[in-house]
Amino acid sequence: MNVRLWGTRGSLPAAGPETVRYGGNTSCVEVRPDGGGLVVLDAGSGLRRLGDRVDVVDRIDILLTHLHLDHIMGLGFFAPLFRPEIEVHLWGPSSSISDLRARISRYLNPPLFPVRLPDLPSRVVLHDVPLHRFTLPGLEVTADLICHPAPSVGYRLTDATGTLTYLPDHEPALGCRVFPTTREWTSGSDLALEADVLLHDAQYTSEEYPARVGWGHSSVAHAVAFAELVGARRLVGFHHDPGRTDDALDRLWDLSTWQREPQLPVVPAHEGDTFTVSAA
């Protein structure tokens, strides 16, 4: 499974000279399974650049974790949606009162966007994401609800070579006096269990988190503790705070080195990073 990061920032795009190394685009991850196919995790502002580079393909699957604006703002600028020969399958959580089509149409509709969802030239197929295991071309996917405001899901993706878990907006420490607690009571733990690569929310410092409890995000320390709890083989810190410069992120991740176990490689996500997910 080959992965490329097109957007690693959280909450709001942060373009400027002070964010060029880690990137300023919001959540978007390209996944190329070993058996072929193209899967995209979230549709943040990074989706535009990915869309400009999609060549010959007849199907694209976009898996949305939730419908906060930073995770869907790239949809209307995704070039394949304007190509009639492409079938785009859009997966995401419904709510207790609305299916995915009704929810996503609030954005792809005037006055927020000039082109309505039914008017897109591509063949768009919408799916209320099932909260269990399902298959995509070359890939087995498991989705489940996780701890984040509004209906939000995380994804576990497995192909013949390895397993990637994607939890970009996640607060597993919510309600815990001391974190981590037992795995059975921890949000997202089944999705992340022994993942070869864990892409996980790491937006805050330990000092910032107490003033942001309930906002749906993790500190770097919580991300590391969660990765250790589930036995992940590699942690990639994701969803960088929009107000954090490259230099500040350098300092944050230097400070986090003392918190990690030697057997757990921990790295921050950089826009443009590519890596292979493998169990070997």
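Residues numbered from 1 in each chain as written. Predicted model: local features only at pLDDT ≥ 70, side-chain atom pairs only at ≥ 80, totals over all residues. Heavy atoms only, no water.

**Q** Could you give an account of the sheet that holds strand 14 (residues 274–276), naming the residues involved and the relevant values?
**A** Spatial ordering of the open sheet is given by 6-5-4-3-2-1-14, a layout of 7 strands whose pairing is mixed. Here the strands that pair on one side only, and so sit at the sheet edges, are strand 6 (123–128) and strand 14. Across the sheet, the mean angle from the axis of one strand to that of its neighbour is 20°, orientation sign disregarded. Relative to strand 2 (residues 28–32), strand 1 (residues 2–7) is paired through 5 bridges, and the arrangement is antiparallel. Bridging across to strand 2, Asn2 finds its partner in Arg32. (Pairing = 2+ DSSP bridges. Helix = DSSP H or I, 4+ residues; strand = E, 2+ residues; numbered from the N terminus. Axes fitted to C-alpha atoms, helices over the stretch in contact; angles between N-to-C directions.)

**Q** Outline helix 4 (residues 220–230), listing residues and values.
**A** For helix 4, the tally of buried residues reaches 8 of 11 residues, placing the bulk of the element in the interior. For helix 4, the set of buried residues is Val220, His222, Ala223, Val224, Ala225, Phe226, Ala227 and Val230. Each element contacted by the buried residues of helix 4 is listed here: strand 10 (163–167), helix 3 (189–192), strand 11 (197–201), strand 12 (235–238), helix 5 (246–255) and strand 13 (266–268). Positive backbone phi, approximately 75°, marks Gly231, located one or two places after helix 4. (Buried < 20%, exposed > 50% of the residue type's maximum accessible area, 1.4 Å probe, protein only. Contact = heavy atoms within 4.5 Å.)

**Q** Please provide a residue-by-residue account of the environment of Gly175, values included.
**A** By the element assignment, Gly175 lies in the loop between strand 10 and helix 3. Considering only alpha carbons, one finds Gly175 and Gly214, 39 residues apart in sequence, at a separation of 8.8 Å.

**Q** Help me get a handle on the pattern of salt bridges, residues and values and all.
**A** For the structure shown, the criterion picks out 13 salt bridges. Salt-bridge contacts for Glu30 lead to Arg32; the nearest nitrogen and oxygen are separated by 2.8 Å. Residue Glu30 is classed as buried on the basis of its relative accessible area of 10%. The class for Arg32 is partly exposed, based on a relative accessible area of 33%. Where Asp196 meets Arg233, a salt bridge forms, and the shortest distance between an N and an O atom there is 3.1 Å. Of this pair, Asp196 sits in the loop between helix 3 and strand 11 while Arg233 sits in the loop between helix 4 and strand 12, and the two are 37 residues apart along the sequence. Given a relative accessible area of 7%, Asp196 falls into the buried group. The exposure class of Arg233 is partly exposed, given its relative accessible area of 43%. Overlapping salt bridges bring together Arg21, Asp247 and Asp250 as one network. (Salt bridge = Lys/Arg side-chain N within 4 Å of Asp/Glu carboxyl O.)

**Q** Let's hear about the side chain of His170: which residues, and what values?
**A** Structurally, the position occupied by His170 is in the loop between strand 10 and helix 3. We classify His170 as buried; its relative accessible area is 0%. There is a polar contact of 2.9 Å between the side chain of His170 and the side chain of His200. (Polar contact = N/O pair within 3.5 Å; in protein donor to acceptor, adjacent residues only side chain to side chain.)

**Q** How would you summarise the packing of aromatic side chains if you had to cite specific residues and measurements?
**A** Under the criterion given, the structure shown has 4 aromatic pairs. For the ring pair Phe77 and Phe113, a centre distance of 5.5 Å and an interplane angle of 85° mean the geometry is edge-to-face. In this pair, Phe77 sits in the loop between strand 4 (59–63) and strand 5 (87–92) while Phe113 sits in the loop between helix 2 (100–105) and strand 6, placing the two residues 36 residues apart along the sequence. In this structure Phe77 comes out as partly exposed when scored by relative accessible area, which is 49%. Note on Phe113: relative accessible area 8%, which makes it buried. With centroids separated by 6.1 Å and ring planes inclined at 45°, the aromatic side chains of Tyr107 and Phe113 adopt a geometry described as tilted. A connected cluster of aromatic rings, assembled from ring pairs, spans Phe77, Tyr107 and Phe113. The ring centre of Trp6 lies 4.4 Å from the NZ or CZ of Arg4, which sits over that ring. When the ring centre of Tyr204 is taken as origin, the NZ or CZ atom of Arg212, which lies over that ring, is 5.4 Å away. (Phe/Tyr/Trp six-rings, centres within 6.5 Å; stacked < 30°, edge-to-face > 60°. Lys NZ or Arg CZ within 6 Å of the ring centre and 35° of its normal.)

Without other data, these values stay purely geometric and don't point to any function.
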